Amino acid sequence: MNRDSFRRRSRAWGRRQSYSFFSSLGTLLSHRLGTLMTVLVLGIAMALPIGLYVTVSNLRTLDLQREQWGTITVFLNSEAAEAQVQELAKLINLDHQASVEAISPGQGMEQFREASGFGQTLDLFEDNPLPWVLLVTPRLSDGEDLGEAVARLDAWLQERAEVDLVQIDFKWLQRLAGLLELGQALVSVLSVMFSLAVVVVVANTIRLDVASRAEEIEVLSLVGAGNGFIRQPFLYSGFWYGLLGAMLALVLFNLGLYYLQQPLERLLDSYGNQFEVVNIGGSGLVLIVFAGGFLGFLGAWVSVQRYLRQLRKSGMLGRL
Amino acid sequence: MITFEQVSKRYESGAMALREVSFHLEPGEMVFLTGHSGAGKSTLLRLILMLEKATRGQVIVDGRNLSKTQSRQAPRVRRRIGMIFQDHKLLNDKTVFDNVSLPLMIAGERYPDIRKKVRAALDKVGLSGKEKSWPMRLSGGEQQRVGIARAIVGMPPVLLADEPTGNLDPELSRELFGLFRQLNSQGVTVLVASHDLALIRSMRQRVLVLAQGKLADDISGSDIAGPAA
Ligand SMILES: Nc1ncnc2c1ncn2[C@@H]1O[C@H](COP(=O)(O)OP(=O)(O)O)[C@@H](O)[C@H]1O
Ligand SMILES: [Mg+2]
């Protein structure tokens, strides 16, 4: 093949692609409702794994070895006087490598008033029923495990007469770490399953598309269209379904995030963290959108190969 | 341009549609194919278009032996042939322009060229200005002419027609055959299957007669008696 004829052929190929491209767009637009339904199903299917992925990856950015996480809440006896409390705090601070914040019953009431909104009701109490509270945060020496440090403090505190109750949130965090491992595995499993769902949904839509356009396919074949030209618009349709589905998924996900972001940040801030939800970045968005397009393309490919073969077997496109 | 050598076609059902048919069409010839219903006319055209494969014998079109051509080459063969169908085979959800432009889109021609050629083809069949019409809104005769425009728009060297006058009144049928003759005079090889004997006779062209799948007669144009069209 000489260079000129090659160039001519590749130009013709390019133009055929663009005709198929616009024809597929035209089809999607002329069946607006059907397109919308398919895209909606795909969007919901893809929003779920995206949401879980972002949740898990955000939680994983938490450094579970940070000292703040190990804060122990120590409720003291109601008999414990301020002097006693300060004495205990100093002891913990000096002998047990932990920083201590003491909260008086008055401060505790103030905090509770603010956080709960029970302002008026609380005024009904004549005496403040709250005890002194110590917030004990271990200082980790090099290489020390937060879990061990917390356990060490806990054991010592339990023995003290002034101590009424020791509350350790750290156990909850350890469970969270376990859950995150599970969550990550779940993201992988769900991503595979929902990707498969996208392929199947698009394949089914394209199957109906092929069936409803059997007559057009016959005519195209009669006037000399090759496999590629017949197949191409369906592949583009599949691509569009997937692409639009992924875009909708991102919109749905961000709407969900908008509602969840504040409560989530408040929850995590209460553990002393300045926490900000990290959304999917620009390259992540592009990746998701094109992954959607690719999955749609794949579904269309599977479907179109299969059903064009069936049409051909039926003899509609000639018996050769 | 078209050669049949001892061609037989047996359908899977067992029906023998063609039996050892042999003939040859020169480039630029215009030939009518006639015979009663079920004689094998459509089958013969479908063989040329590679919609069926001959059971025995050779079909040679434009120098290519179709019996030895792979099925994936069929589109290439069909692009060199303009086919007109009795039931038009138009797409009703596409405009006249989109219908007629199909072969050019498939060939990947430039859009401005496509516009020019579609307009010229519609001019030729007397449908100027109907580009934006919907096929369903047109009369039977007009729809048939859209089909012809689509068949000729890519300027194929061969034009086939299967009972193109099937649903048309005698006046329109005569016009249509006149159009075929005009296209033929521009060098296109034309093969028209029809059972309208009176009309065929008036054209004074070569006639192939099929009877129960056999080529019963091959009459040259000069041997046809009767009033000229
Ligand atoms: N697809 C088919 N399958 C089986 N038999 C067929 C098929 N098409 C045509 N035939 C048979 O082949 C013979 C020739 O048919 P056809 O070529 O359509 O004749 P004509 O066009 O002259 O009416 C008939 O007996 C018909 O029943
Ligand atoms: Mg017939």
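Rules of the game
- Residues numbered from 1 in each chain as written.
- Chains lettered and ligands numbered in written order.
- Predicted model: local features only at pLDDT ≥ 70, side-chain atom pairs only at ≥ 80, totals over all residues.
- Heavy atoms only, no water.
- Helix = DSSP H or I, 4+ residues; strand = E, 2+ residues; numbered from the N terminus.
- Rg over C-alpha atoms; globule rule 2.2 N^0.38 Å.
- Buried < 20%, exposed > 50% of the residue type's maximum accessible area, 1.4 Å probe, protein only.
- Domains from an automatic or database assignment.
- Near = heavy atom within 4 Å.
- Polar contact = N/O pair within 3.5 Å; in protein donor to acceptor, adjacent residues only side chain to side chain.
- Areas by Shrake-Rupley, 256 points an atom, 1.4 Å probe, with all protein chains shown as cover.
- Contact = heavy atoms within 4.5 Å.
- Buried area = accessible area lost by both parts, 1.4 Å probe.
- Salt bridge = Lys/Arg side-chain N within 4 Å of Asp/Glu carboxyl O.
- Nonpolar A, V, L, I, M, F, W, Y, C, P; charged D, E, K, R; others polar.
- Pairing = 2+ DSSP bridges.
- Axes fitted to C-alpha atoms, helices over the stretch in contact; angles between N-to-C directions.
- Patch = residues over 30% accessible without salt bridge, like charges linked within 9 Å, V, L, I, M, F, W, Y side chains within 5 Å.
- Lys, Arg positive; Asp, Glu negative; His and termini not counted.
- Charge placed at Lys NZ, Arg CZ, Asp CG, Glu CD.
- Parallel < 35°, antiparallel > 145°, perpendicular 65-115°, else oblique.
- Left-handed = near helix turned anticlockwise from the far one by under 90°.

(A) Broad picture of the overall build of chain A. Helices and strands together make up the secondary structure of chain A, namely 10 helices and 4 strands. Compactness check: chain A gives a C-alpha radius of gyration of 32 Å against a globular reference of 20 Å for 320 residues, more than 25% above the reference. With the C-alpha coordinates aligned to their principal axes, the bounding extent of chain A is approximately 100 × 50 × 35 Å. Within chain A, the proportion of its 320 residues that are buried is 42%.

(B) Seen up close, the domain arrangement of chain A. Entries for chain A in the domain assignment read domain 1 (18–64 + 174–313) and domain 2 (72–168). Domain 1 of chain A and domain 2 of chain A are separated by 51 Å when their C-alpha centres are compared.

(C) Main features of the site of ligand 1. Neighbouring ligand 1 are 12 residues, the closest being Gly38(B), Gly40(B), Lys41(B), Ser42(B) and Thr43(B). Among the chains of the assembly, those with residues near ligand 1 are chains A and B. Gly38(B) is positioned such that a nitrogen or oxygen atom in its backbone is 2.6 Å from an oxygen atom of ligand 1. With respect to ligand 1, the backbone of Gly40(B) contributes an N or O atom lying 3.0 Å from an oxygen atom. Protein burial of ligand 1: of its 560 Å² of free accessible surface, 64% is covered by the chains.

(D) Spatial organisation of the interface of chain A and chain B. Counting residues at the interface gives 20 residues for chain A and 28 residues for chain B. Summing both partners gives a buried area of about 2200 Å² for chain A against chain B, and 61% of it is carried by carbon and sulfur. Remark: the boundary between chain A and chain B carries 2 salt bridges. The residue Lys89(B) makes a salt bridge to Glu218(A) at a minimum N-O spacing of 3.1 Å. The interface formed by chain A and chain B contains 8 residue pairs in polar contact (both at pLDDT 80 or more). The set of elements that each furnish at least two residues to the side of chain A that touches chain B consists of α1 (3–30) and α8 (214–222) of chain A. The element contributing the most residues to the side of chain A that touches chain B is α8(A), with 7 residues. Considered class by class, the residues forming the side of chain A that touches chain B number 10 nonpolar, 4 polar and 6 charged.

(E) Seen up close, the sheet that holds strand β2 (residues 16–25) of chain B. Residues and elements named next belong to chain B. Taken in spatial order, the 4 strands line up as β2-β1-β4-β5 in an open sheet, and their pairing is antiparallel. Where the open sheet ends on each side, the last strands, each with one partner, are β2 and β5 (64–65). Relative to β5, strand β4 (residues 56–61) runs antiparallel, the two sharing 2 bridges. Each bridged residue has a counterpart across the sheet, and for Val61 the counterpart in β5 is Arg64. The strands touched by helix α1 (residues 41–48) are β1 (2–10), β2 and β4; relative to β1, the strand with the most contacts, the crossing angle is about 120°.

(F) Broad picture of a positive patch on the surface. Together, Arg8(A), Arg9(A), Arg64(B), Arg72(B), Arg76(B) and Arg79(B) line one region of the surface with positive charge. Assignment of secondary structure puts Arg8(A) in helix α1.

(G) Representation of the packing of helix α3 (residues 96–107) of chain B against helix α5 (residues 140–152) of chain B. Residue and element names in this part refer to chain B. Interaxial distance between α3 and α5 falls to 7 Å at its minimum, and their mutual angle equals 30°. Here α3 is positioned roughly parallel relative to α5, judged by the angle of their axes. Classified by chirality, the crossing of α5 by α3 is right-handed. Contacts between α3 and α5 pair Val96, Asn99, Val100 and Pro103 from the former with Val146, Ala149 and Arg150 from the latter.

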